[in-house]
Every structure is written in structure tokens, then in C-alpha cells.
Amino acid sequence: MTAQPVPVGVLHELRNRAAHWEPLLNAPVVVRMKDLLTVAGLLAPDLAAYIQ
């Protein structure tokens, strides 16, 4: 089994786009939500469960 990269970079880019009032209509929301849950789960599994 190969390790998957942690999607912190794409979440950071999404955060920057939101912070600078750039359009997010084309953002893949479902994919970014999965990325968010992945990162949250690595930090604290209880946090990922709470967000979900």
C-alpha cells in the first residue's frame, strides 16, 4: 500500500481564494470536504468525526 499525500496544500489554496474574495463556484466542494476530513483525521480523529 502506498501512502497518499496529505492535501494541506490544496486546502491552503482554497482558504486563500476565499480570503481574497475570489470566486469559488467552480471549486470541487465534495473533493475539498474529503481533503478536510483527511487532514482533520490526521490531527485528531475525534475532530474528523465531529466535522463529519
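Since we're looking at a predicted model, the values are computed, not measured.

## Quick look at a nonpolar patch on the surface
Consideration 1: Judged by side-chain polarity, Met-33, Leu-36, Leu-47, Tyr-50 and Ile-51 come together as a nonpolar surface patch covering roughly 470 Å² of accessible area.
Consideration 2: Put simply, the parts of the chain that give the nonpolar patch at least two residues each are α2 (29-43) and α3 (45-51).
Consideration 3: Ranked by the residues each element gives to the nonpolar patch, the list is headed by α3, at 3 residues.
Consideration 4: Among the structural elements, Ile-51 can be located in helix α3.
Consideration 5: Judged by relative accessible area, which is 30%, Ile-51 ranks as partly exposed.

## Some thoughts on the side chain of Asp-35
Consideration 1: Mapped onto the fold, Asp-35 is located in helix α2.
Consideration 2: Classification of Asp-35 as buried rests on a relative accessible area of 12%.
Consideration 3: Not counting residues up to four positions away in its chain, the partners in contact with Asp-35 are Pro-7, Val-10 and Leu-11.

## With respect to unusual backbone geometry
Consideration 1: The backbone of Trp-21 shows a phi angle near 60°, a positive value even though the residue is not glycine.
Consideration 2: Structurally, Trp-21 is set in the loop between α1 (8-19) and α2.

## So, the side chain of Arg-32
Consideration 1: Following the sequence through the fold, Arg-32 ends up in helix α2.
Consideration 2: By relative accessible area, Arg-32 is classed as buried at 19%.
Consideration 3: Of note is the side chain of Arg-32, whose polar atom sits 2.8 Å from the side chain of Asp-35.
Consideration 4: In contact with Arg-32, not counting residues within four places along its chain, are Val-10, Leu-11 and Leu-14.

What counts and what doesn't
Residues numbered from 1 in each chain as written. Predicted model: local features only at pLDDT ≥ 70, side-chain atom pairs only at ≥ 80, totals over all residues. Heavy atoms only, no water. Patch = residues over 30% accessible without salt bridge, like charges linked within 9 Å, V, L, I, M, F, W, Y side chains within 5 Å. Areas by Shrake-Rupley, 256 points an atom, 1.4 Å probe, with all protein chains shown as cover. Salt bridge = Lys/Arg side-chain N within 4 Å of Asp/Glu carboxyl O. Helix = DSSP H or I, 4+ residues; strand = E, 2+ residues; numbered from the N terminus. Buried < 20%, exposed > 50% of the residue type's maximum accessible area, 1.4 Å probe, protein only. Contact = heavy atoms within 4.5 Å. Polar contact = N/O pair within 3.5 Å; in protein donor to acceptor, adjacent residues only side chain to side chain.

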